[in-house]
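# Overview (structure and organization)
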Amino acid sequence: SDHSLTYPKCPEEMDWASYYPAYAVQNQDEQKQEQRTESESHDQHPVPPEDAPSKAISKPVEIADIGCGFGGLLFALAPKFPDTLILGMEIRTSVTSYVQDKVRALRAQNTSTSSFQNVSCIRANTMKFLPNFFSKAQLSKIFLCFPDPHFKQRKHKARIVSYTLNSEYAYVLKPGGMVYTITDVKDLHEWMVGHLEKHPSFERVKDEELESDACVEIMRQETEEGKKVERNKGEKFVAVFRRMKDPPWP
Ligand code: SAM
């Protein structure tokens with residue numbers, strides 16, 4: 001159950017700085033406070049801060065991994081896109097904590113491949129309130145890797161691709177932005193392709209174009225599910241869709 005989940009009222013309300021501390025921006029009151037602290041030894045009456053610390057970061061998240069699981073994709077993308085903020089979204093508490101702990105550990109190690117300051121993970125039910133986290137046309141890439149298949153007909157409404165959810169993905173993606181999908185379940189692949197093709201905001205990216213897209217290889221090789229399917233010699237079905245420009249108003 002996700003009753004305990006809290007959501008920001010809007011993207012600006014999110015405490016992004018606690019997820020990406022290296023990108024936190026100081027607000028003016030914090031700067032003033034720092035100046036005050038510097039001159040405190042001379043000041044008999046230091047003034048208390050007027051405002052809470054800023055929650056803002058210097059650039060927006062641009063890549064979202066929906067249902068990120070244990071974060072294999074996130075940690076492989078981080079060094080590939082060192083200047084882009086990447087966010088994993090995961091509904092399971094323990095799995096989210098695992099990824100958050102790993103982010104902390106990798107940041108502390110500060111390896112030569114990446115500082116991992118650009119990657120983070122949040123607990124969220126992405127089927128609800130996605131536009132509370134991201135503003136219109138904010139994202140350049142959304143990954144839907146090995147989503148739960150929900151095989152039974154009556155469970156199909158729990159699938160993370162549907163006409164309604166595709167409209168949310170279209171809202172948060174910029175024109176030219178991409179939705180990457182991969183699954184080992186043929187029926188789910190056909191479902192995702194069918195629903196995304198039917199949606200007026202998306203067009204399918206041709207296979208030739210995908211050959212030069214590093215994200216496709218990362219999604220195949222670096223996700224935990226991708227590795228599992230590889231071990232079992234299963235098939236992986238990939239489909240990528242581009243967010244088209246909205247047509248002009250009549
Ligand atoms: N993407 C990972 C991979 O490829 O290895 C994990 C795939 S796993 C089969 C599906 C993940 O989606 C699970 O970790 C599950 O908890 C998560 N999930 C399912 N529904 C979700 C939702 N509505 N919001 C966020 N995460 C969700």
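Quick look at the structure, then. All values reported here derive from a predicted model rather than from experimental measurement. (Residues numbered from 1 in each chain as written. Predicted model: local features only at pLDDT ≥ 70, side-chain atom pairs only at ≥ 80, totals over all residues. Heavy atoms only, no water.)

Our focus in this paragraph is the overall build of the chain. Helix and strand counts for the chain come out as 10 helices and 7 strands. For the chain, with 250 residues in total, the buried portion stands at 45%. Contacts in the chain between residues far apart in sequence, at least 24 positions, make up 79% of those at least 6 positions apart. Carbon together with sulfur atoms contributes 52% to the accessible area of the chain, which is approximately 13800 Å² in total. (Helix = DSSP H or I, 4+ residues; strand = E, 2+ residues; numbered from the N terminus. Buried < 20%, exposed > 50% of the residue type's maximum accessible area, 1.4 Å probe, protein only. Contact = heavy atoms within 4.5 Å. Areas by Shrake-Rupley, 256 points an atom, 1.4 Å probe, with all protein chains shown as cover.)

Before going further, it helps to spend a moment on the packing of aromatic side chains. Under the criterion given, the structure shown has 7 aromatic pairs. Centre to centre, the rings of Phe133 and Phe134 are 6.5 Å apart; their planes meet at 50°, and the pair counts as tilted. Linked through ring pairs, Tyr7, Trp16, Phe129, Phe133 and Phe134 together constitute an aromatic cluster. (Phe/Tyr/Trp six-rings, centres within 6.5 Å; stacked < 30°, edge-to-face > 60°.)

On inspection of all chains with the given rule, the structure shows 0 disulfides. Not engaged in a disulfide, the cysteine Cys68 finds its nearest cysteine sulfur in Cys121; these two sulfurs lie 3.8 Å apart. Left unpaired, Cys215 is separated from the closest cysteine sulfur, that of Cys145, by 9.7 Å. Accessibility expressed as a relative area gives 2% for Cys215, which makes it buried. (Disulfide = S-S within 2.5 Å.)

Moving on, we get to the site of the ligand. Within the structure, the ligand sits among 16 residues, and Gly67, Glu90, Arg92, Asn125 and Cys145 are positioned closest to it. Here a nitrogen atom of the ligand and a backbone polar atom of Thr126 are 3.0 Å apart. In the shell around the ligand, the residues fall into 6 nonpolar, 5 polar and 5 charged. (Near = heavy atom within 4 Å. Polar contact = N/O pair within 3.5 Å; in protein donor to acceptor, adjacent residues only side chain to side chain. Nonpolar A, V, L, I, M, F, W, Y, C, P; charged D, E, K, R; others polar.)

Sheet strands pair via backbone hydrogen bonds, and the direction of the pair is either parallel or antiparallel. Spatial strand order, β3-β2-β1-β4-β5-β7-β6: 7 strands in an open sheet with mixed pairing. Bordering the open sheet on either side are β3 (119–123) and β6 (202–204), each of which pairs with just one other strand. Strand-to-strand, the axes of this sheet are offset by a mean angle of 20°, without reference to chain direction. Summarising the sheet, strand β4 (residues 139–145) and strand β5 (residues 173–183) pair through 6 bridges and their orientation is parallel. Each residue of the ladder has a partner; that of Cys145, found in β5, is Ile182. (Pairing = 2+ DSSP bridges. Axes fitted to C-alpha atoms, helices over the stretch in contact; angles between N-to-C directions.)

The terminal C-alpha atoms of helix α7 (residues 186–198), which comprises 13 residues, lie 18 Å apart, in line with the 18 Å expected from a rise of 1.5 Å per residue. Looking at the buried positions of α7, the neighbouring elements they touch are α6 (163–172), β5, β6 and β7 (237–243). (Expected span 1.5 Å × (residues − 1).)

One non-glycine residue, Phe129, lies in positive phi territory at about 60°. Among the structural elements, Phe129 can be located in the loop between β3 and α5 (130–133). Located in the positive-phi region is Lys233, a residue other than glycine, with phi close to 55°.

Our focus in this paragraph is the environment of Lys233. Structurally, Lys233 can be placed in the loop between α10 (224–231) and β7. Taking the C-alpha atoms as reference, Lys233 lies 33 Å from His199; in sequence the two are 34 residues apart.

It is worth spelling out the pairing of strand β1 (residues 61–66) at this point. Buried residues dominate β1, accounting for 5 of its 6 residues. The sheet contact formed by β1 and strand β2 (residues 85–90) spans 5 bridges and is parallel. Looking at β2, one finds that Ala64 is bridged to Leu87. Following the backbone out of β1, through helix α3 (residues 72–80) and into the adjacent parallel β2, one traces a crossover that is right-handed. Note: β1 against β4, 4 bridges, orientation parallel. Each bridged residue has a counterpart across the sheet, and for Ala64 the counterpart in β4 is Ile142. (Right-handed = clockwise from strand over helix to strand, strands pointing away.)

This paragraph deals with the environment of Asn232. By secondary structure assignment, the location of Asn232 is in the loop between α10 and β7. By relative accessible area, which is 59% here, Asn232 ends up exposed. When the C-alpha atoms of Asn232 and Thr164 are compared, they prove to be 34 Å apart, with 68 residues separating the residues in sequence.

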